[in-house]
Amino acid sequence: MRVKPIEHLISTLTEQAKQIEQLEILAAKLVQDPQSVQRYRAVLEEKARLLAGLAQLALPITKKMPSEDATELQQMLNKFSQSAATSLRIGSPFYMSALLYPQDHRQGQPNDLELFIEQLQQMQ
């Protein structure tokens, strides 16, 4: 049985979200240590690079979907990627750490990528 494109997209994005979560956990530890400033920055840059690549990573999958669905999903993925690319261009650790989190985000709530994955799951 073939995997549906939406399932493949959910799986791919879930894997990326897990990697990002691990990077965020590591960054939270590193930010406490003044000796780890460079490592902290490198971890945030890796998070931003993963996000910047989301749209490109998902493109082969969304191309297999009906065009009306694919266009909307790809636009959302482009927003994630563009914000991350901007944070890398600016080089701001604060901006990179805030990627995926709206201003009113509360600890323990899902981030924007996790919410997007939840929306995809509801589309199945």
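Residues numbered from 1 in each chain as written. Predicted model: local features only at pLDDT ≥ 70, side-chain atom pairs only at ≥ 80, totals over all residues. Heavy atoms only, no water.

*Asks:* Would you explain unusual backbone geometry in this entry?
*Replies:* Backbone phi values are negative for most residues with the exception of glycine, while trans is the configuration of most peptide bonds. The backbone of Leu100 shows a phi angle near 85°, a positive value even though the residue is not glycine. Relative to the assigned elements, Leu100 resides in the loop between α5 (93-98) and α6 (112-123). Its relative accessible area of 8% is what places Leu100 among the buried residues. (Helix = DSSP H or I, 4+ residues; strand = E, 2+ residues; numbered from the N terminus. Buried < 20%, exposed > 50% of the residue type's maximum accessible area, 1.4 Å probe, protein only.)

*Asks:* I keep staring at the side chain of Glu24 and nothing clicks. Help me out?
*Replies:* Mapped onto the elements, Glu24 comes out in helix α1 (residues 5-30). Once residues lying within four places of it in the same chain are set aside, the contact partners of Glu24 are Lys47, Leu99, Tyr101 and Asn111. (Contact = heavy atoms within 4.5 Å.)

*Asks:* Teacher, can you tell me more about the pattern of salt bridges here?
*Replies:* It is possible for side chains bearing opposite charge to pair when their charged atoms get close. Under the criterion given, the structure shown has three salt bridges. Across the pair Glu46 and Arg49 runs a salt bridge, and its minimum N-O distance is 3.4 Å. A residue pair is termed a helical-turn pair when its members lie 3 or 4 positions apart in one helix, as Glu46 and Arg49 do in helix α2 (residues 37-52) at three residues. Glu46 sits in the partly exposed class, given a relative accessible area of 31%. (Salt bridge = Lys/Arg side-chain N within 4 Å of Asp/Glu carboxyl O.)

*Asks:* Please explain the packing of helix α4 (residues 67-90) against α6 as it appears in this structure.
*Replies:* A pair of packed helices can be characterised by two numbers: the angle between their axes and the separation between those axes. At a minimum axis distance of 11 Å, the contact between α4 and α6 shows a crossing angle of 170°. The angle between the axes of α4 and α6 places the two elements in the roughly antiparallel class. Where α4 abuts α6, its residues Asp69, Leu73, Met76, Leu77 and Phe80 lie against Asp112, Leu113, Phe116, Leu120 and Met123. In the contact of α4 with α6, the residues fall into eight nonpolar, no polar and two charged. (Axes fitted to C-alpha atoms, helices over the stretch in contact; angles between N-to-C directions. Parallel < 35°, antiparallel > 145°, perpendicular 65-115°, else oblique. Nonpolar A, V, L, I, M, F, W, Y, C, P; charged D, E, K, R; others polar.)

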